[in-house]
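# Summary of structural features
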Amino acid sequence: MSILSLHHGDHGIHGDTQSQHPVRDFAADWFEATPAAILLRPVAAFLTEWAMATPVAILVRSLHR
């Protein structure tokens, strides 16, 4: 079962040509099969929200407006 797709859809313009990046495809397939792929999205979401809640990020957003 795959919950993370890193490379599906970039196999060429029409999608029916063979991939020109077998090492990248292998690495993506291997990563999808690891428990790290399950934890990646929640951890990334947490870190993103945490970074946006820091005083520096709040200051930058207020100055950008």
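On a predicted model such as this, the values are computed, not experimentally measured, just so you know.

Criteria and thresholds
- Residues numbered from 1 in each chain as written.
- Predicted model: local features only at pLDDT ≥ 70, side-chain atom pairs only at ≥ 80, totals over all residues.
- Heavy atoms only, no water.
- Helix = DSSP H or I, 4+ residues; strand = E, 2+ residues; numbered from the N terminus.
- Buried < 20%, exposed > 50% of the residue type's maximum accessible area, 1.4 Å probe, protein only.
- Salt bridge = Lys/Arg side-chain N within 4 Å of Asp/Glu carboxyl O.
- Expected span 1.5 Å × (residues − 1).
- Bend = angle between axes of the 7 residues up to and from the residue.
- Patch = residues over 30% accessible without salt bridge, like charges linked within 9 Å, V, L, I, M, F, W, Y side chains within 5 Å.
- Areas by Shrake-Rupley, 256 points an atom, 1.4 Å probe, with all protein chains shown as cover.
- UniProt positions renumbered as here; feature names shortened; annotations may be inferred.
- Arc of directions from axis to C-beta.

## Points about the overall build of the protein chain
Of regular secondary structure, the protein chain possesses 3 helices and 0 strands. Taken from N to C terminus, the helices and strands of the protein chain fall in the order α-α-α. The burial tally for the protein chain puts 14% of its 65 residues in the buried class.

## Focus on the pattern of salt bridges
Where charged atoms of side chains with opposite charge meet at close range, the side chains can pair. Summed over the entire model, instances satisfying the criterion amount to 1 salt bridge. Between Asp25 and Arg24 there is a salt bridge, with the nearest N and O atoms lying 3.9 Å from each other. Note on Arg24: relative accessible area 36%, which makes it partly exposed.

## A look at helix α2 (residues 35–52)
One turn of an α-helix holds 3.6 residues; hence residues three or four places apart share an orientation. For α2, which comprises 18 residues, the first-to-last C-alpha distance of 27 Å matches the rise-based estimate of 26 Å (1.5 Å per residue) to within 8%. The sharpest bend along α2 measures roughly 30° and falls at Arg41, with the proline Pro42 sitting one to four residues further on.

## Comments concerning a nonpolar patch on the surface
Among the surface-exposed residues, Ile38, Leu39, Val43, Phe46, Leu47 and Trp50 lie close enough to one another that they form a single nonpolar patch of about 660 Å² accessible area. Along the polypeptide, Trp50 turns up in helix α2.

## A short note on the UniProt feature "transmembrane region" (unreviewed entry) in the protein chain
Residues given the UniProt feature "transmembrane region" (unreviewed entry) here are residues 38–60. The annotated region residues 38–60 carries 91% helix and 0% strand content, and the separation between its end C-alpha atoms amounts to 32 Å.

## Some thoughts on helix α1 (residues 22–32)
Inspection of α1 places Asp25, Ala28 and Glu32 among the buried residues, and these make up the whole buried set. Each buried residue of α1 lies within a common arc of 65° when the element is viewed along its axis, so the set occupies one face. Away from its buried face, by an angle of more than 90 degrees, α1 presents the exposed residues Pro22, Val23, Phe26 and Trp30.

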